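Descriptive structure summary
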Amino acid sequence: MSDDRETDTASEGSYQLSRHKKSPSSLTNLSSSSGMTSLSSVSGSVMSVYSGDFGNLEVKGNIQFAIDYVDSLKELHVFVAQCKDLAAADIKKQRSDPYVKTYLLPDKGKMGKKKTLVAKKTLNPVYNEILRYKIDRQILKTQKLNLSVWHRDTFKRNSFLGEVELDLETWDWDNKQNKQLKWYPLKRKTAPVAFEAENRGEMKLALQYVPEPMPGKKLPTTGEVHIWVKECLDLPLLRGSHLNSFVKCTILPDTSRKSRQKTRAVGKTSNPVFNHTMVYDGFRPEDLTEACVELTVWDHYKLSNQFLGGLRIGFGTGKSYGTEVDWMDSTSEEVALWEKMVNSPNSWIEATLPLRMLLIAKMSK
């Protein structure tokens, strides 16, 4: 029997970033035990692997489906007909093994996921399957229906091919047109709705861009970005009143170990004060438009770390070094902080930003 709780992780993919090779600056780590300052380099990285849970396959194509509420059964019926022009997971043979999965949000665990069968070796799969949810019509008004298309490879790993979301609050169930099959364009992954409404707390921080750390030097030097993690406020309590939180920082697209820094863990409070400054060097002016500061807050318990929330501070363009990436997804508040930092060199720019759910990049070794 297959375990239905398998995670949807992408097949391990990597792509090369068109970063020019620079003379690698000396990599020093001044991370002291008190956790006050640490220094890393972002230069010299020629290639970075970014393999997020939602993969790096392009999203294209359409899905045809219809929904109906059957009063006599108190069931929502999702009739999944077919997809066309999907992205090819196997680029050489130009084919995928796609299936469709549905959730009712915000509480996707409660109703569970429903899945079609996997169609083999096709970009135009035909399903003609009905996926059913036992649910009261009134409760349905509080839900969103999420349909996503995935490629399943021979190792049972799943790669995201696109999704559609319908808000059922405003859906007219009595309109006959709404019961007809319709084509919907597949879209890129959106943040899970369940977590957007959820309060994950805030982070108080300050950023500073130092274009010339060593003024007066004849040779052109690269700049530094300083990240001062001051404190977090109202972190969610996952284990009753116990919390042992720390903050991790990565400068995307570089997910290598040397790009990662973290604060010390602060226990027994949902308002931890860190006062930890992290310094990243190797920033050329053009890197500021391509890079993104990912700050994530974790609860350390026994041997595992539980994700609490995070920030991605950058220009939020959806691209990095000419490649479309999921992680360049900064909110307007996060973009505003980065813009102020870039436009006000050599001065600390402070902000208190709401933590949010992130689809975390897989770290390369």
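So, here is what we can say about the structure in this document. (Residues numbered from 1 in each chain as written. Predicted model: local features only at pLDDT ≥ 70, side-chain atom pairs only at ≥ 80, totals over all residues. Heavy atoms only, no water.)

So, the sheet that holds strand 4 (residues 98–105)
The strand order across the open sheet built from four strands is 5-4-7-8, with neighbouring strands paired in antiparallel fashion. Bordering the open sheet on either side are strand 5 (114–115) and strand 8 (158–167), each of which pairs with just one other strand. Pairing of strand 7 (residues 144–152) with strand 8 involves nine bridges; the strand directions are antiparallel. If you follow His151 over to strand 8, its bridge partner there is Ser159. (Pairing = 2+ DSSP bridges. Helix = DSSP H or I, 4+ residues; strand = E, 2+ residues; numbered from the N terminus.)

A look at the pairing of strand 2 (residues 62–70)
Burial within strand 2 is extensive, with seven of its nine residues counted as buried. From the end of strand 2 to the start of strand 3 (residues 75–84), which pair antiparallel, there are four residues, and Lys74 there has a positive phi angle of about 50 degrees. (Buried < 20%, exposed > 50% of the residue type's maximum accessible area, 1.4 Å probe, protein only.)

Points about the packing of aromatic side chains
Applying the stated criterion to the full structure yields six aromatic pairs. Centroid distance Trp150 to Phe160: 5.4 Å. Interplanar angle 70 degrees. Geometry classified as edge-to-face. Pair noted here: Trp150 is in strand 7 and Phe160 is in strand 8, with a separation of 10 residues, a long-range link. Both rings, one in Trp228 and one in Trp348, keep their centres 5.3 Å apart while their planes meet at 70 degrees; by these two values the pair is edge-to-face. Highlighted residues: Trp228 in strand 11 (residues 223–233) and Trp348 in the loop between helix 5 (332–343) and strand 20 (349–354), separated in sequence by 120 residues. Take Trp228: its relative accessible area is 26%, and that puts it in the partly exposed class. Using a relative accessible area of 36% as the deciding quantity, one classes Trp348 as partly exposed. In this structure an aromatic cluster arises from ring pairing among Tyr69, Trp171 and Trp173. (Phe/Tyr/Trp six-rings, centres within 6.5 Å; stacked < 30°, edge-to-face > 60°.)

A closer look at a positive patch on the surface
Taken together, the side chains of Lys92, Lys93, Lys120 and Lys121 present a region of like positive charge at the surface. Mapped onto the elements of the fold, Lys93 is located in the loop between strand 3 and strand 4. The exposure class of Lys93 is exposed, given its relative accessible area of 53%. (Patch = residues over 30% accessible without salt bridge, like charges linked within 9 Å, V, L, I, M, F, W, Y side chains within 5 Å. Areas by Shrake-Rupley, 256 points an atom, 1.4 Å probe, with all protein chains shown as cover. Salt bridge = Lys/Arg side-chain N within 4 Å of Asp/Glu carboxyl O. Lys, Arg positive; Asp, Glu negative; His and termini not counted. Charge placed at Lys NZ, Arg CZ, Asp CG, Glu CD.)

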